[in-house]
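Structural overview for review
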Amino acid sequence: MRNNVRFFFVSIALFLLGIPLALGAQNAVGARGFQSPTVDDITQGALLYDKWYAALGQAVPEGNMPLWSAQSTNTRSGPDTWRCVECHGWDYKGKDGAYGSGSHYTGFPGVFGTQADVVAALKGATDPGHDFSAYLDDASLNQLAVFITSGLIDDSQYIDTVTLKTKGGDPAKGQSLYDGNCASCHGADGATILFRTEGINETLGAVANRDPYRFLHRTRFGVAGTQMPIGRELGWTPKEGVDVLAYVQTLPTGSEQTQPSNVGEGSGASPQVGGPSGVAGGILTGILAFLGTFGVSAFFLFGLIVLGFLVVWALRKRK
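My aim in this report is to walk through the structure given alongside it, one point at a time.

Here is what the cut-offs are and how they apply
Residues numbered from 1 in each chain as written. Predicted model: local features only at pLDDT ≥ 70, side-chain atom pairs only at ≥ 80, totals over all residues. Heavy atoms only, no water. Phe/Tyr/Trp six-rings, centres within 6.5 Å; stacked < 30°, edge-to-face > 60°. Helix = DSSP H or I, 4+ residues; strand = E, 2+ residues; numbered from the N terminus. Buried < 20%, exposed > 50% of the residue type's maximum accessible area, 1.4 Å probe, protein only. Contact = heavy atoms within 4.5 Å. Axes fitted to C-alpha atoms, helices over the stretch in contact; angles between N-to-C directions. Parallel < 35°, antiparallel > 145°, perpendicular 65-115°, else oblique. Left-handed = near helix turned anticlockwise from the far one by under 90°.

**Some words on the packing of aromatic side chains**
Counted under the stated rule, the structure contains 10 aromatic pairs. Consider the rings of Phe147 and Phe221, whose centres lie 5.4 Å apart with planes at 85 degrees: the pair is edge-to-face. Taken together, the residues Phe147 in helix H5 (residues 138–151) and Phe221 in helix H9 (residues 212–221) connect sequence positions 74 residues apart. For Phe221, a relative accessible area of 1% translates into the label buried. What links up through ring pairs into an aromatic cluster is the set Trp52, Tyr53, Trp82, Phe132 and Tyr135.

And the structure:
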């Protein structure tokens, strides 16, 4: 009996001791109830920012995003209008950044605020047209907010806003990282996978030179809906991502004038410039040559007849 009483009081003491420990753990989560960001939350949030419906494997909502009608400068429609990046840019600055002009300009601001403020905005607190709660659950909304509040990198320190080239990037180090992690899919020249951009096909080098902010975002966090390696998961620092960008900006963009692959082969005479090309060209050239020769001959014969007529006319008149 005495042992049972002792066990009872020990249990009560442990229970009372556990109360402050539990309260301390709860307070560590944060006054607003948001968990500390993890690498997985930041990466998933970045994928949601890029293309949330692809990251979640959902169908794209029909029509345009409700707020899209508030602007008239960006003429895109449908799926693109639902992407965070189309309004706020790959540099996250909206109208104050790279999307401050050009075909992507909307006039919408960049992304900023506390995690609670971002989640509230995503639920339509600032504008009912910005309510994504019907498409993203609370976990996804919080991951997107974690990325915006804890995962953004100001790449103006790495990219020249005029030339769009890297500032301080190390192409040699970037090549080593690219060859070890990227070349197997994109190819040594970055042209194995082509990117469809506004009606044209682009190589990886073209993307890196035209839109380096997009390149850096996807190098760090991957591409929504694909199995692309993620720089953060590979342990790359932001600077190493810039090194990869510096190297890829040296790869072919598809606009270079290249020599034919068989230049220098053989020792035969070069074809005559301006000669007929193909059977049809040869036939046409022969017909034109015949007509030309026939015309000259007919004109010469006509001249002889006229000359003979004049001679006969002159002799008869003389008699």
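**Considering H9**
In terms of burial, H9 is a largely internal element, 10 of the 10 residues being buried. Residues of H9 that are buried: Pro212, Tyr213, Arg214, Phe215, Leu216, His217, Arg218, Thr219, Arg220 and Phe221.

**What about the side chain of Ser140?**
Structurally, Ser140 is set in helix H5. Leave out the neighbours within four places in its chain, and Ser140 touches Leu48 and Leu56.

**Side note on the packing of H9 against helix H11 (residues 238–248)**
Contact geometry for H9 and H11: axes closest at 10 Å, N-to-C directions at 130 degrees. Taken together, the axes of H9 and H11 are oblique relative to one another. In the crossing of H9 with H11, the sense of the turn from one axis to the other is right-handed. Of H11, the residues touching H9 (which contributes Pro212, Phe215, Leu216 and Arg220) are Pro238, Gly241, Val242, Val244, Leu245 and Val248.

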